Amino acid sequence: MSAMPTTSREWHLVARPHGWPKPEDFALREVAVPEPGEGQILVRTIHMSVDPYMRGRMNDVRSYVPPFELDRPMEGGAVGEVVASRSDAFKPGDHVLHGLGWREYAVVGAENAVKVDPELAPLSAYLGVLGMPGLTAYAGLLEVASFKEGDAVFVSGAAGAVGLQVGQIARLKGASRVIGSAGTDEKVKALVEEYGFDAAFNYKNGPVAEQLKEAAPDGIDVYFDNVGGDHLEAAIGALKVHGRATLCGAISGYNDTEPQPGPRNMIAIIGKRLRLQGVLVRDHAAMQPQFVQEVGGWVRSGELKYRETVVHGVEHALDAFLGMLRGENTGKMIVTF
């Protein structure tokens, strides 16, 4: 159990980025730690998550989540230890998952915290393989894309936290072929040799459409999109009649200052009767128990492998976020305090 702190460091957004975020758009500030009020807990952060969706929250636009406020601490998934509690649901020493990352200490409403067990899985796993990215992969493939045994699956951004899990779940569920794209030859090699993908390619080594056609000469049934842009266009070309695509992210355009042009082959969606559907993990909360049971079992048995890229220190959280946007991580990017 930790001692009561008096100060905490936290990351504030101080200017809205135009294009790629710059260090001067952020500030690491020291603040006093307030006492928790009735029904609240004070949590010391152990691990926090940085995720692609956070880039969108830095823009002052209407979306499915409110934008970050200027000169206020940013938010994101975190796991930590309760150091003080004014809630009957938690006691000091408990470990919890909550949404107020980007700071060393957080006062969290008890209704917004979930108790987690470090004996069942490492605490960082609740931010990745058993957390939001994992459920996104599970629901996005099985429910949104209506995956069925025998499907050929293409995953873009396949070495990221979501993509790495999508490909493995597809393989474990009986896919006929699993193809992934990534941004380095090292990641491509790992996808095939460590994570069981049947084929993978480096999208920087040539046109995506040509490399996908070589990797999936008979086409694909399911596309899981984390990248958008030329990957989505290539997938539309490769999808078979009645193919399905889950649109999870479009990281290739998150830092563009002008909108990307849409796929030039969208007419094929009509002729092939394709279904393209977006996924937001919060729509699939009902799958959480099934997800934890099945994926937790695969993790314990070693059938599903996961990778974390760990950056140490709250002072390096911004470096971790910017590195994640540049694709420097394999698997889940975690900041450990």
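Just so we're clear, the structure is a prediction, and the values are computed from it rather than from any experiment. Numbering of residues starts from 1 in every chain and runs along the sequence as written. With pLDDT at 70 or above as the cut-off, local features in this predicted model cover only qualifying residues; side-chain atom pairs require 80 or more to be listed or tallied, and sums for whole chains, interfaces and linings still use all residues. To get the side-chain values, all heavy atoms of the structure are used, and hydrogens and water are removed first.

Overview of the overall build of the protein chain
Then, in step 1: Only runs of H or I of at least four residues qualify as helices and only runs of E of at least two qualify as strands under DSSP, and these elements are numbered from the N terminus. A tally of regular secondary structure across the protein chain gives nine helices and 15 strands.
Then, in step 2: Each radius of gyration is computed over the set of C-alpha atoms, and the globule rule expresses the reference value as 2.2 Å times the number of residues to the power 0.38. Against the compact-globule benchmark of 20 Å for 337 residues, the protein chain has a radius of gyration of 20 Å, which places it among compact chains.
Then, in step 3: Across its three principal directions, the C-alpha atoms of the protein chain cover 60 × 45 × 35 Å.
Then, in step 4: Working definition: with a 1.4 Å probe on protein chains only, accessible area under 20% of the residue-type maximum means buried, over 50% means exposed, and in between means partly exposed. Across the 337 residues in the protein chain, those meeting the buried criterion constitute 53%.

Side note on the nonpolar core
Then, in step 1: In this text, buried Ala, Val, Leu, Ile, Met, Phe, Trp, Tyr and Cys residues form a nonpolar core when linked through side-chain atoms within 4.5 Å. The biggest cluster of nonpolar side chains holds 44 residues, and the ones touching the most others in it are L141, V153, I169 and L191.
Then, in step 2: If you list the elements that add at least two residues to this core, you get helix 2 (132-144), strand 8 (152-155), helix 3 (161-172), strand 9 (177-182), helix 4 (185-193), strand 11 (220-225) and helix 8 (288-301).
Then, in step 3: By residue number, the principal contributor to this core is helix 2, which donates six residues.
Then, in step 4: Domain delimitation in this document rests on an assignment produced automatically or drawn from a domain database. Residue contributions to this core reach at least three from each of two domains, namely domain 1 (7-128 + 306-336) and domain 2 (132-282).
Then, in step 5: In contact with I169, other than residues within four places in its own chain, are A137, Y138, L141, L142, W298 and L304. Here, two residues are considered to be in contact whenever any of their heavy atoms come within 4.5 Å of each other.

Re helix 9 (residues 317-325)
Then, in step 1: Taken across its nine residues, helix 9 has eight buried, putting it largely inside the fold.
Then, in step 2: Three or more residues of helix 9 are buried, namely A317, L318, A320, F321, L322, G323, M324 and L325.
Then, in step 3: The inward-facing, buried residues of helix 9 contact strand 1 (7-13), strand 2 (26-32), strand 3 (40-49), helix 1 (53-57), strand 14 (308-312) and strand 15 (332-336).
Then, in step 4: Once helix 9 ends, the next one or two residues include G327, with phi positive near 80 degrees.

Remarks on empty space enclosed by the protein
Then, in step 1: The definitions used throughout rest on a 1 Å grid laid over the protein atoms alone, on which a cavity is an enclosed set of points accommodating a 1.4 Å probe that cannot get out and a pocket is an open set flanked by protein within 12 Å on both sides along at least five of seven lines; lining residues are those having an atom within 4 Å of a point. Grid points are joined across faces, edges and corners, and a volume is the space filled by probe spheres set on the points. Applying the stated rule across the entire model yields one cavity of 30 Å³ or more.
Then, in step 2: The volume enclosed by the largest cavity comes to roughly 80 Å³.
Then, in step 3: When residues in the lining of the largest cavity are grouped by element, the largest group, four residues, is from helix 3.
Then, in step 4: Under the scheme applied, nonpolar residues are Ala, Val, Leu, Ile, Met, Phe, Trp, Tyr, Cys and Pro; charged residues are Asp, Glu, Lys and Arg; polar residues are all the others, including Gly. Residue composition of the lining of the largest cavity, grouped by class: five nonpolar, five polar and three charged.
Then, in step 5: Both of domain 1 (7-128 + 306-336) and domain 2 (132-282) provide at least three residues apiece to the lining of the largest cavity.

A closer look at the pairing of strand 11
Then, in step 1: Summarising burial for strand 11: six of the six residues are buried, a large majority.
Then, in step 2: At least two bridges found by DSSP between two strands are what make those strands a pair. In this structure, strand 8 lies alongside strand 11, joined through three bridges in parallel fashion. Residue pairing in the sheet places V155 in a bridge with F224 of strand 11.
Then, in step 3: Direction of pairing for strand 11 relative to strand 12 (residues 239-247): parallel, over a ladder of five bridges. Following the sheet pairing, Y223 is matched in strand 12 by A245.

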